[in-house]
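Summary of the model geometry
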Amino acid sequence: MNDTNTTFTFRTVDPLKDGRLLHSWVTHPKAAFWMMQDARLEDVERAYMEIAADEHHDALLGLRAGEPAFLMERYDPAHRELAGLYEARPGDIGMHFLTPPAGTPVHGFTRSVITAVMTHLFEDPAVRRVVVEPDVRNTAVHALNEAVGFVPEREIQKPEKRALLSFCTREQFEQAVAR
């Protein structure tokens, strides 16, 4: 089954209501690059309460047929994650996404997720460029990023990891998904 034509909707994460689900996702071995492997439920709830209270960061659940299908975070890179590590431009938005472990992998699902995430981000006319900083070792996500138009700029050292700083403009995204 190919899942590339899936339609997703988004809703804000409720840290307490969604805590158990998020905990099961972020502590799974598949989510090693999320760096929460040893987190307790309370740690995950606290982390998402902090995000919910942060004016420069928010977390959304991507829903498929009303059911949680993936996690997306967006942040202002001038104030979070990348502050001081690159020259932020007006219209920049940072993004993370996580697909949960699947009992039966669905071909094309993760690509449909990142496409939906990027479409959602670019629905905001103020967003001109999406910025990502995945771990340099996360080759699977580098390939997905490239598939939707991201262009790597350089490696940077963050406190928690060596990261590949990459950018995708609205035009690069539109060209990539039109292919």
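Just above sits the structure.
What comes next is a walk through the structure. Computed from a predicted structure; not experimentally measured.

**Section: the sheet that holds strand β2 (residues 57-64)**
Read across the open sheet, the seven strands follow the order β1-β2-β3-β4-β5-β7-β6; overall the sheet is mixed. Pairing within the sheet leaves two strands with one partner each, and these edge strands are β1 (9-12) and β6 (151-157). Neighbour-to-neighbour, the strand axes of this sheet turn through a mean angle of 30 degrees, independent of strand direction. Summarising the sheet, strand β3 (residues 67-75) and strand β4 (residues 92-98) pair through five bridges and their orientation is antiparallel. By the bridge assignment for β4, Arg74 is matched with Met95.

**Some thoughts on the packing of aromatic side chains**
The full count for this structure, using the stated rule, is five aromatic pairs. An angle of 50 degrees between the planes, with centres 5.5 Å apart, marks the rings of Tyr86 and Phe167 as tilted. Note that Tyr86 is positioned in the loop between β3 and β4 and Phe167 in strand β7 (residues 162-169), a separation of 81 residues in sequence. In terms of burial, Tyr86 and Phe167 fall into one category: buried.

**Some details on helix α1 (residues 19-26)**
An α-helical turn contains 3.6 residues, so any two residues separated by three or four positions project in the same direction. Every buried residue of α1 is accounted for by Gly19, Leu22, Trp25 and Val26. Relative to the axis of α1, the buried residues are bounded by an arc of 125 degrees and lie together on one face. On its buried face, α1 sits against α2 (41-53), β2, β3 and β4.

Rules behind the numbers
Residues numbered from 1 in each chain as written. Predicted model: local features only at pLDDT ≥ 70, side-chain atom pairs only at ≥ 80, totals over all residues. Heavy atoms only, no water. Pairing = 2+ DSSP bridges. Helix = DSSP H or I, 4+ residues; strand = E, 2+ residues; numbered from the N terminus. Axes fitted to C-alpha atoms, helices over the stretch in contact; angles between N-to-C directions. Phe/Tyr/Trp six-rings, centres within 6.5 Å; stacked < 30°, edge-to-face > 60°. Buried < 20%, exposed > 50% of the residue type's maximum accessible area, 1.4 Å probe, protein only. Arc of directions from axis to C-beta. Contact = heavy atoms within 4.5 Å.

Without other data, these values stay purely geometric and don't point to any function.
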